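Coordinate analysis (summary)
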Amino acid sequence: MRVTPLPGAAVALDPDGSRRHALLLRFELPAQSGGPGWAVRLERSALEQVWVERGDWRSPPQGFFEPGEDAGVLPSSFLFALPAHWHGAVELELHAVGGGRRPLRPQVMEQARAMELEQYGVAASATIYACLFTIGLLALALYSAARDLLFLGLFGLTLAALLALSAVNGHLYQMPGLRLFAHWGGQGAVALTLLLCAACLQMLLRFVEMRQGRVAWKRWVDGMSLAVATLAGVCLLNLPALAQPMLKFQVVPYALSLLLGVAMLVDGGRRRIAMAWPLATLALFTLAGVVLGELASRGHVVDTLVVRYGSQLSVALCVAILAVGLLGRISEYRHQRDRELLARADTERRMARETARSGLATELQSQLRSLPPAEMQTTAFRLLVDRLLPLLPVQSCVVAVQGYHGVDLVLAEPSRLLLSVHPELARRQLALRRLAAQGVPQQQPVTDPAQPAIVAMEAVVPMQIRAPAWGVLLLRRAGGDGFSTDELSLAGEFLQLAVQQIDQAVAANNLRRSAELDALTGSLNRRTIDQWLARCFGEAARDSQPVSVLFIDLDHFKAVNDRHGHAGGDFCLRHVAVALRGALEEGDLFGRYGGEEFIAILPGRNGAAARMAAENLRMAVENLRPVWNGQPLRLTVSVGVATRLPSEDTPEGALARADRALYSAKSHGRNCVQVAPAVFS
Ligand SMILES: Nc1nc2c(ncn2[C@@H]2O[C@H](COP(=O)(O)OP(=O)(O)OP(=O)(O)O)[C@@H](O)[C@H]2O)c(=O)[nH]1
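Quick caveat, the model's predicted, so the values are computed rather than measured.

1. Observations regarding the UniProt feature "transmembrane region" (unreviewed entry) in the protein chain
- Here the UniProt feature "transmembrane region" (unreviewed entry) sits at residues 120–142, 149–168, 188–208, 220–243, 249–266, 273–293 and 313–330.
- Measuring from the first to the last C-alpha atom of residues 273–293 gives 31 Å, for a span that is 86% helix and 0% strand.

2. What about the site of the ligand?
- Taken together, 16 residues lie near the ligand, and His556, Phe557, Asn561, Arg592 and Arg670 sit nearest.
- At 3.4 Å from an oxygen atom of the ligand is found a side-chain nitrogen or oxygen belonging to Glu596.
- Coverage of the ligand by the protein chains reaches 67% of its 660 Å² of free accessible surface.
- Looking at the shell around the ligand, the elements that each hand over two or more residues are strand S15 (547–554) and helix H13 (557–583).
- Broken down by element, the residue count for the shell around the ligand peaks at seven residues, all from H13.

3. Observations regarding the sheet that holds strand S14 (residues 470–478)
- An order of S11-S10-S14-S13-S12 is seen for the five strands of this open sheet, with the pairing classed as antiparallel. Looking along the sheet, the strands with just one partner apiece sit at the ends: strand S11 (407–413) and strand S12 (442–447). Shown here is a sheet whose adjacent strand axes are inclined to one another by a mean of 15°, direction ignored.
- Strands in contact with helix H10 (residues 418–438) are strand S10 (396–404), S11, S12, strand S13 (454–462) and S14; relative to S14, the strand with the most contacts, it is inclined by about 115°.
- In the packing of helix H11 (residues 485–516) onto the sheet, the strands contacted are S10, S12, S13 and S14, and the crossing angle to S13 comes to about 40°.

4. Some details on helix H5 (residues 240–249)
- For H5, the set of buried residues is Ala243, Met246 and Leu247. For H5, the arc enclosing every buried residue in end-on projection is 90°, short of the 170-degree limit, so these residues lie on one face. Exposed side of H5, more than 90 degrees from the buried face: Ala241 and Phe249 are the residues found there.

5. Notes on the packing of H13 against helix H14 (residues 607–622)
- Close contact between H13 and H14 brings their axes to 9 Å; oriented N to C, the two are set at 140°. By the angle between their axes, H13 is oblique relative to H14. Where H13 crosses over H14, the two elements pack in a sense that is right-handed. Facing H13, whose interface residues are Val576, Ala579, Leu580 and Ala583, H14 presents Asn616, Leu617, Ala620 and Val621.
- Classifying every residue of the contact of H13 with H14 by side-chain character gives seven nonpolar, one polar and no charged.

6. Structural notes on the pairing of strand S20 (residues 637–643)
- By the criterion of burial, S20 is predominantly enclosed, with seven of the seven residues buried.
- By the bridge criterion, seven bridges tie S15 to S20 in an arrangement that is antiparallel. Among the inter-strand pairings, Ile552 is bridged to a residue of S20, identified as Val639.
- Pairing analysis gives three bridges linking S20 to strand S21 (residues 673–675), with the strands arranged parallel. Residue Val641 lies in a different strand from S21, and its bridge partner there is Val675.
- With helix H15 (residues 652–667) bridging S20 and its parallel neighbour S21, the resulting β-α-β unit is left-handed.

7. Some details on the pairing of S13
- Across the nine residues of S13, seven count as buried, placing the element largely inside the fold.
- Summarising the sheet, S12 and S13 pair through six bridges and their orientation is antiparallel. Its bridge partner lying in S13, Gln442 is registered against Val460.
- As paired strands, S13 and S14 are joined by seven bridges and run antiparallel to one another. Bridge pairing in S14 links Met457 to Arg477.

8. Comments concerning the pattern of salt bridges
- Within the structure shown, the criterion is met by 34 salt bridges.
- The partner of Glu413 in a salt bridge is Arg382, and the shortest N-O contact between them spans 2.9 Å. Here Glu413 is found in strand S11, whereas its partner Arg382 is found in helix H9 (residues 373–388), with 31 residues between them in sequence.
- For Glu413, a relative accessible area of 26% translates into the label partly exposed.

9. Details of the side chain of Asn509
- Relative to the helices and strands, Asn509 is located in helix H11.
- Residues within four places of Asn509 in sequence aside, it is in contact with Pro373 and Met376.

10. Some thoughts on the side chain of Gln377
- You can see Gln377 is positioned in helix H9.
- For Gln377, the residues in contact, after removing those within four places along its chain, are Val401, Tyr404, His405, Val407, Leu409 and Ile502.

11. Describing the environment of Ser420
- The residue Ser420 is located in helix H10 in this model.
- With a relative accessible area of 43%, Ser420 lands in the partly exposed category.
- Within the structure, Ser420 has its side chain in polar contact with the backbone oxygen of Leu417 (distance 2.9 Å).

12. Structural notes on the sheet that holds S20
- Here we have five strands laid out as an open sheet, ordered S16-S17-S15-S20-S21, and mixed in their pairing. Edge positions in the sheet fall to strand S16 (589–594) and S21, since each has one partner strand and no second. In this sheet, adjacent strand axes meet at a mean angle of 20° when their direction is disregarded.
- Where helix H12 (residues 526–543) meets the sheet, its contacts fall on S15, S16 and strand S17 (597–603), and the angle it forms with S16 comes to roughly 130°.

13. Focus on unusual backbone geometry
- Of note, the amide linkage connecting Glu413 to Pro414 takes the cis form, showing an omega dihedral of 0°.
- With respect to the helices, strands and loops of the structure, Pro414 is situated in the loop between S11 and H10.
- Residue Pro468 follows Ala467 across a cis peptide bond; omega there is 10°.
- Residues other than glycine seldom take positive phi values, yet Arg272 does so here, at roughly 65°.
- Judged by its relative accessible area of 74%, Arg272 falls in the exposed class.
- One non-glycine residue with positive phi stands out, namely Arg670, at about 70°.
- Within the fold, Arg670 resides in the loop between H15 and S21.
- By relative accessible area, which is 31% here, Arg670 ends up partly exposed.

Rules of the game
Here the residue index of a chain counts from 1 through its sequence in written order. In keeping with the predicted nature of the model, local features appear solely for residues at pLDDT of at least 70, side-chain atom pairs appear and are counted solely at 80 or more, and the whole-chain, interface and lining totals rest on all residues. Water and hydrogen atoms were dropped before computing side-chain values, which therefore reflect all heavy atoms in the structure. UniProt positions are given in the numbering used here, feature names are shortened, and annotations may be inferred rather than shown by experiment. A helix here means a DSSP run of H or I that spans at least four residues, while a strand means a run of E at least two residues long, and both kinds are numbered starting from the N terminus. We define proximity as follows: a residue is near a molecule or strand when any one of its heavy atoms falls within 4 Å of that partner. Pairs of N or O atoms within 3.5 Å make up the polar contacts considered here, provided that, within protein, one atom can donate a hydrogen while the other can accept it, and that residues adjacent in sequence are counted only when both atoms are side-chain atoms. Here the Shrake-Rupley method, with its probe set to 1.4 Å, supplies the accessible areas, and only the displayed protein chains count as covering residues. Note on pairing: DSSP must find at least two bridges between two strands before they are called paired. To get an axis, a line is fitted to the C-alpha atoms, and for a helix only the part in contact is used. The angle between two axes follows their N-to-C directions and goes from 0 to 180 degrees. It only takes one pair of heavy atoms within 4.5 Å for two residues to be counted as in contact. A 1.4 Å probe rolled over the protein chains alone gives each residue an accessible area, and that area as a share of the maximum for its type sets the label: buried under 20%, exposed over 50%, partly exposed in between. Comment: arc refers to directions from the helix axis out to C-beta atoms. In this scheme, roughly parallel covers angles under 35 degrees and roughly antiparallel covers those over 145, while 65 to 115 is roughly perpendicular and the rest are oblique. Should the near helix be turned anticlockwise from the far one by less than a right angle, the crossing is left-handed, and should it be turned clockwise, the crossing is right-handed. By the convention adopted, Pro, Cys, Tyr, Trp, Phe, Met, Ile, Leu, Val and Ala count as nonpolar, Lys, Arg, Asp and Glu as charged, and the other residues, Gly among them, as polar. Clockwise travel from the first strand over the helix to the second, with the strands pointing away from the viewer, marks a crossover as right-handed. Note on definitions: salt bridges are taken to be side-chain nitrogens of Lys or Arg within 4 Å of carboxyl oxygens of Asp or Glu.

Encoded structure:
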């Protein structure tokens, strides 16, 4: 059957929307009624009201901005079902109020076909809206997860796209709450579309800026966005005088925005921004849709349904691809976060390392200072192991040192390994010595003859000490992974610190000792003896204990000097000092008081015991037969003894009495002992 729209049926309506139009439609229905139902279909455009009538019969009116309840969900056309009994030639008046850009192209078709077309429209609209809605939700979720304003921008873009497209399709006014947009009529839809253009431009700008910082297009894009947004604001003023030019020229800002967007994306694509090329292609499709829509409005025959939904679909796809492109941000965030986490872990590791290092340095300084040299190394290396192992987890750790400041030492952690370590070290001594001499940390696999695989990795960290002394730190870790360079340098650093502190402590100890000792005889010097005297007398007074002082003076020493020279005299002084020190008991103190005079302090011994000790000293010298220049020498000493009185807590009195006792011994013929009475008369 042929349906012929009569000439004049395609009419462009006045865009100001104030005029009412009446058109006469003539068409031929089948001669017999009772067949399929027929309907007049009119593509949905911004008409205030439209209806058809014939004689007494009049269809319910429909409107773009106030869709009636029978308009259905997401309608794509104005549909007027014709009465079933109509047949043959029909003349029908089409009445329309309001404006629109496109000419009206009423069609008469079977109701089933009209419904089919309607369903296509519903499906297309629903797909586009669902796509945008999903992307909007995704953008919100991404924003709440990443707190990146770009995702909030994407949400704003999807919202703008939803509003603009649903306004253009006339679905916006079906929704409660959004009906107020009807107040702006056709200009409202134009304003929303312009805002969508501005949002798109800004979003695309952020998208291409993502990798390359500020782009050359920024000034243009910002200018265009501002102009388009201003135009949208003007539309919202709803000035009747602007309605016609707005509707007529709206294509210009759309096309310019799209062209700018395409240019920006082509530039982005050349700079290898992901998704820029697909986006540019889709933007071109949308541009083509705008151009075809414009052609349709100028009366050219175009499949408006395909153009409308095609361009809307490409807008939705643009937003979707933009979202995919922006998802790249998430991986960038992850990388950035990973980098930050790594940097933080590195800083924390460095801080822990620095704290342990300075803790070790402080502990070494404070502990080694007060230790005798023999204990210094054990303490220092024990501290080193205690501080190092929390930072450097290992299966076992051994410190082996030979000849370092005259000390041989082996330390093991866990200490139960010590027994097995000793024979192993003896077996590997040569190899370890060679590794230590190379001065660089090395690691080597440890194998077990019973197993084919590597049992552990052993790091050998040498000590920087002077040959022939040598020392190594042996670290063993289960498995074949071994130690990182960082770990080896940490171990080397700690080891170096311990060695440095031991060297310093030993040097300080030597210095201290040399300040305390007499250079010629190696006995305590006068200054040190004075300090010990004060301390011993103070302690003895506090504990009510006896303490005796012995002055020992070489007899006729001037004659020795005269006969054998000063060097011979010094030789004798050294030998006498050794003999006297050897004749004293442990706990006694011995020093050179000056010239050829020595002193002994005997804590805990009173007059009788002190006399006996003095006799021992005298005999020790008497029995001494030093040989100088081939001549055996005979030396004797006189000794004066004095014991602390119960009332005394300082040594002055006892020293004076001992001195007088010595004088007495000299005057009694020398080579004898004199004990001071409590009070000399
Ligand atoms: N070689 C040497 N002689 C010293 C040293 N200090 C002191 N003398 C000497 O010791 C001698 C002490 O002589 P005197 O005080 O007269 O006493 P003496 O000859 O030992 O006689 P008596 O003490 O009365 O038995 C002096 O000749 C000093 O030069 C020293 O460090 N080395």
